[in-house]
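Chain by chain, the residues:
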Amino acid sequence: MDEKIEMRNLDPERRSHTFEEVALGYSDEEALKEANRCLQCMNPRCVKECPVNIEIPKFIKAIREKKLEEAYNIILESSSLPAICGRVCPQEKQCEKMCIKGLKGDAIAIGSLERYVADYALEHKLNVSKVKSKIGKKVAIVGSGPSGLTCAGELLKEGIDVTIYESLHKAGGVLTYGIPEFRLPKKIVENEINLLKDMGADIILNAVIGKTITLEELENTYDAVYLATGAGLPKFLGIPNENANGVFSANEVLTRINLMGSYEEDAKTPIKKGNKALVIGGGNVAMDAARSLKRVGYDVTIVYRRTMEELPARKMEIEHAKEEGITFELLRNPKEVIIDENYNVKGLNVSLMELTDVDESGRRGVKEIPDKVEEISCDTIVVALGTMPNPIATENSDIVTDDYGLIPVTESVTNNSRVYAGGDAVTGAATVILAMEAGKKAAKQIIADIK
Amino acid sequence: MYKILKNESIGEKIFLLEVEAPLVVKNALPGQFVIVMSKDDSERIPLTIYDYNKETSVLSMIYQVVGSSTLELSKMHDELFSVAGPLGKPSEVVTNIEKYKGKKIIMIGGGVGIAPVYPQAKYFTSHGLDVDIIYGAKNKDLLIILDKLQSVCNNLTVVTDDGSNGKKGLVTDALKEKHDYDLCIVMGSTIMMKFVCNLTKELNIKTIASMNPIMVDGTGMCGACRLLVNNEVKFACVDGPEFDGHLVDFDAAIKRMNLYKDEEGRRYLKDLEGETHSGGCGNCGDK
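Draft legend 1. Highlighting unusual backbone geometry. A cis amide bond links Gly 85 of chain B with the next residue in sequence, Pro 86 of chain B, at an omega value of 0 degrees. Here Pro 86 of chain B lies in strand β8 (residues 82-87). Residue Pro 241 of chain B is reached from Gly 240 of chain B by a cis peptide bond, and omega for that bond is 10 degrees. In this fold, Pro 241 of chain B is placed in the loop between α8 (236-239) and β17 (242-244). With a phi angle near 50 degrees, Glu 411 of chain A is a residue other than glycine that sits in the positive phi range. The residue Glu 411 of chain A is located in the loop between α16 (392-395) and β15 (419-421) in this model. Its identity is not glycine, yet Ser 57 of chain B carries a phi of approximately 65 degrees, on the positive side. Within the secondary structure, Ser 57 of chain B sits in the loop between β5 (51-53) and β6 (58-64). With relative accessibility at 18%, the residue Ser 57 of chain B sits in the buried group.

Draft legend 2. Inspection of the nonpolar core at higher detail. The biggest cluster of nonpolar side chains holds 77 residues, and the ones touching the most others in it are Ile 56, Phe 59 and Leu 155 of chain A. If sequence neighbours within four positions are ignored, Phe 59 of chain A has contacts with Ile 54, Ala 71, Ile 74, Ile 75, Ile 110, Leu 113, Glu 114 and Val 117 of chain A. Core analysis: the next-biggest nonpolar cluster, separate from the first, contains 51 residues, Val 303 and Val 383 of chain A together with Cys 197 and Ala 253 of chain B among them.

Draft legend 3. View of the pairing of strand β10 (residues 332-339) of chain A. Inspection of the sheet shows β10 of chain A paired to strand β11 (residues 345-358) of chain A by 7 bridges, in the antiparallel sense. Across the sheet, Arg 332 of chain A pairs through a bridge with Leu 352 of chain A, a residue of β11 of chain A.

Draft legend 4. Molecular detail of the interface of chain A and chain B. Tallying the contact residues gives 43 residues for chain A and 46 residues for chain B. Taking both sides of the interface into account, the surface hidden between chain A and chain B amounts to around 3700 Å²; carbon and sulfur atoms contribute 53%. Among the residues of chain A in contact with chain B, Lys 211, Asn 243 and Lys 268 of chain A are the three that bury the most area, contributing 21% of the side total. Here chain A and chain B share 3 salt bridges between them. In this structure, the connection of chain A to chain B is made through 21 residue pairs in polar contact (both at pLDDT 80 or more). A breakdown of the residues in the side of chain A that touches chain B according to their chemical character gives 18 nonpolar, 15 polar and 10 charged.

Draft legend 5. Expanded view of the side chain of Asn 7 of chain B. All names here are of chain B. Along the polypeptide, Asn 7 turns up in strand β1 (residues 2-11). A polar side-chain atom of Asn 7 sits 2.9 Å from the main-chain carbonyl oxygen of Leu 73. Polar contacts involving the side chain of Asn 7 include one to the main-chain carbonyl oxygen of Met 76, which spans 2.9 Å. When residues no more than four places from it in sequence are discounted, the contact partners of Asn 7 are Phe 15, Leu 16, Leu 17, Tyr 63, Leu 73, Ser 74, Met 76 and His 77.

Draft legend 6. Spatial organisation of the sheet that holds strand β2 (residues 14-20) of chain B. All names here are of chain B. The strand order across the open sheet formed by 5 strands is β5-β6-β2-β1-β7, and the pairing between neighbours is antiparallel. Either end of the sheet is taken by a strand with one partner, and the two such strands are β5 and β7 (79-80). Here 6 bridges tie β1 to β2, and the two strands are oriented antiparallel to one another. Looking at the pairing, Ser 9 lines up with Phe 15 of β2.

Draft legend 7. Representation of helix α2 (residues 28-36) of chain A. All names here are of chain A. Considered for burial, the residues of α2 that qualify are Glu 30, Ala 31, Glu 34 and Ala 35. Relative to the axis of α2, the buried residues are bounded by an arc of 130 degrees and lie together on one face. Seen from the open side of α2, the exposed residues pointing more than 90 degrees away from its buried face are Asp 28, Glu 29 and Lys 33. Turning to α2, the residues buried within the fold contact α4 (56-64) and α8 (110-123).

Draft legend 8. Spotlight on the packing of helix α14 (residues 284-295) of chain A against helix α15 (residues 315-323) of chain A. All names here are of chain A. At a minimum axis separation of 10 Å, α14 and α15 run at an interaxial angle of 25 degrees. Of the possible angle classes, the one that applies to α14 and α15 is roughly parallel. Note on packing geometry: the crossing formed by α14 with α15 is left-handed. Of the residues in α15, those touching α14 at Asn 284, Met 287 and Arg 291 are Glu 317, Ile 318, His 320 and Ala 321. Residues belonging to the contact of α14 with α15 are distributed by class as follows: 3 nonpolar, 2 polar and 2 charged.

Draft legend 9. Main features of the domain arrangement of chain A. All names here are of chain A. The domain boundaries assigned to chain A delineate domain 1 (12-123), domain 2 (138-232 + 389-450) and domain 3 (234-383). Each of domain 2 and domain 3 has a C-alpha centre, and the two are 30 Å apart. Between domain 2 and domain 3 the total buried area reaches about 1100 Å² when both faces are included, carbon and sulfur atoms providing 55% of it. Among the residues of domain 2 in contact with domain 3, Tyr 177, Phe 182 and Arg 183 are the three that bury the most area, contributing 49% of the side total. The tally of links between domain 2 and domain 3 comes to 2 salt bridges. One salt bridge connects Glu 317 with Arg 183, and the closest N-O pair in it is separated by 3.4 Å. Applying the counting rule to domain 2 against domain 3 returns 5 residue pairs in polar contact (both at pLDDT 80 or more). Residues belonging to the side of domain 2 that touches domain 3 are distributed by class as follows: 5 nonpolar, 4 polar and 3 charged.

Draft legend 10. Structural context of the side chain of Asn 258 of chain A. All names here are of chain A. Turning to its location among the elements, Asn 258 is positioned in helix α13 (residues 250-259). In this structure the side chain of Asn 258 is engaged in a polar contact, spanning 3.1 Å, whose partner is the backbone oxygen of Tyr 177. When residues no more than four places from it in sequence are discounted, the contact partners of Asn 258 are Thr 176, Tyr 177, Gly 178, Ile 179, Pro 180 and Glu 181.

Draft legend 11. A look at the domain arrangement of chain B. Residues and elements named next belong to chain B. Split into domains, chain B comes out as domain 1 (2-87) and domain 2 (92-210). Between the C-alpha centres of domain 1 and domain 2 there is a distance of 23 Å. Listed as interface residues are 14 residues of domain 1 and, on the opposing side, 15 residues of domain 2. The junction of domain 1 with domain 2 conceals about 1300 Å² of combined surface from both sides, 66% of it contributed by carbon and sulfur atoms. Sorting the residues of domain 1 by area buried against domain 2 places Glu 12, Pro 30 and Tyr 50 first, and these three jointly supply 41% of that buried surface. The tally of links between domain 1 and domain 2 comes to 1 salt bridge. We note a salt bridge from Lys 122 to Asp 51, for which the minimum N-O separation is 3.0 Å. Where domain 1 meets domain 2, there are 2 residue pairs in polar contact (both at pLDDT 80 or more).

How each quantity is defined
Residues numbered from 1 in each chain as written. Chains lettered and ligands numbered in written order. Predicted model: local features only at pLDDT ≥ 70, side-chain atom pairs only at ≥ 80, totals over all residues. Heavy atoms only, no water. Helix = DSSP H or I, 4+ residues; strand = E, 2+ residues; numbered from the N terminus. Buried < 20%, exposed > 50% of the residue type's maximum accessible area, 1.4 Å probe, protein only. Core = buried A, V, L, I, M, F, W, Y, C linked by side-chain atoms within 4.5 Å. Contact = heavy atoms within 4.5 Å. Pairing = 2+ DSSP bridges. Buried area = accessible area lost by both parts, 1.4 Å probe. Salt bridge = Lys/Arg side-chain N within 4 Å of Asp/Glu carboxyl O. Polar contact = N/O pair within 3.5 Å; in protein donor to acceptor, adjacent residues only side chain to side chain. Nonpolar A, V, L, I, M, F, W, Y, C, P; charged D, E, K, R; others polar. Arc of directions from axis to C-beta. Axes fitted to C-alpha atoms, helices over the stretch in contact; angles between N-to-C directions. Parallel < 35°, antiparallel > 145°, perpendicular 65-115°, else oblique. Left-handed = near helix turned anticlockwise from the far one by under 90°. Domains from an automatic or database assignment.

Take a look at the structure:
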């Protein structure tokens, strides 16, 4: 049988109480074996499905020939953050889904191979991004998440000066505050950011655009502004008692743990240490929050209103969560937070749900079963029902946003011809790779417009 | 890094902190706050702005040592790792200053809550508004910036719980004595603001309360600071920090303030007493 080489993982028992990276990556031998499975299609379907169109067969061929530096350069032509994408891209829904080998067996593990090449490059300090001579133009980028970083990289390569403004005290956006250490080690993110700094990027921390500096001030100082402000505003439940002590947004849990390091022994920022946490939602953020809480000592259950089949999170994350002992309460929809006399959470009332037919979104619909409510006891409830764009950067500016707070763009340009936008701020919460794609597209447009 | 120009005690456990923060000062307006970090691994501490000077770029804050993180801050002398801001919305009076011309404003500050009263009173007075101040503290050792306050209002009334300075009594007692005001702005502990708002509701004086809940990022990202205002969820960091005091659910806000009391208490005791701490705090137990 032609089975793919699975990446080795840290033992589930051990990892359920440490923040060490779960997926361990390939050895040289494993990578070579996996690379040798590739059919090297003449008309590769995987490339078309990659949001940034990495020349996948080409870099895999280079791995086969043990030319890892070349493999890295091939990836870099299309993607500026391979060590990150190799880890967090939903490859099974993109490149790997299209792989011919997948029709009759296992698709090539493209993501694992990308990570292998990127890690080799990090380890051997292969910083090969070439920067053209300066052209005397400067661009401000608002937000240092995947979209902003990618846009910065593309602009710097063309000799354009870039200043990135970040509201927090550490760069990286969701890569830093959101995605946990065990899935994306922070040193990988720091390294990618350092590469940009080496290319000449200026990163200004603690600068909340819209407050510290207005968008108008940026427009007056730079040739163009790229808004990559992401989707950082958490949604809450809209049910009784949701302000009770013990109800948190997933953003808060993840920010405390990832950005503030509150899982560490002597952390100065606390994380509430309860016993039983319910995480509401079924996306990747829900999995990240659940697995993070597990690691700080909670017993964790995910509450989701559909079934396992409809869970929007990546398969790998769901599997990892299960292995780590996280349980699922399915077909349950939150109705009311139950509190004690001190305003502390002591449970959650949920309605029982049933699936209905497939709706226009292609997913099974879901409806409440009348009068079927049950109580799940817990001391902590974490809401992971999605996020919306943060309006701070645009609220006192001329930039138009829609009813959802999203910034409409045409070819990356907002209603103001010198202000561009992309990533989650435009699309709503999506993936790292889509944010990168938007950053890359915006950079192309900016270069064409200001040169 | 942000250069510290001054970080000195001006009262019992109360410190005046001055830093060079040109970007923060440039767009700052009264009513806004900042988030400071002492070191790269420190907690993000929200502090209201006490004063700012647009010519010298000096930002001033007043804080009280109440726990581990403010204790650490009080020991910083060269540089601060970060100062982010100005955050939150400026005072409604600042943005609608014309509307308040000719109105009588009473500003009430309790404890270190008096610090953010100063820049607002200064701004209002310099824009021709009519401002009185009531300042309440536990005792005379906790009174600060009296001269400064005197210089930015018509009448300053000081009350202390024990009568060691000014009149003995609470800020509400002082307000009961003289209450011909059109607007009240109150800043201080949540419980004090609750009582003031209850009173001004009776007296039919519109009241703005400056809320100071637990925060993490201060930019609307985490929701730790959420409050119930008119039964709606609001984030103090981006929707506030100032709200209509008659619509704030103070009881819920007070309970939310206690959330990390155990964790913070443990850490503070450890910082004060080191590893020698051996019980008595009611927290460490037999764990």
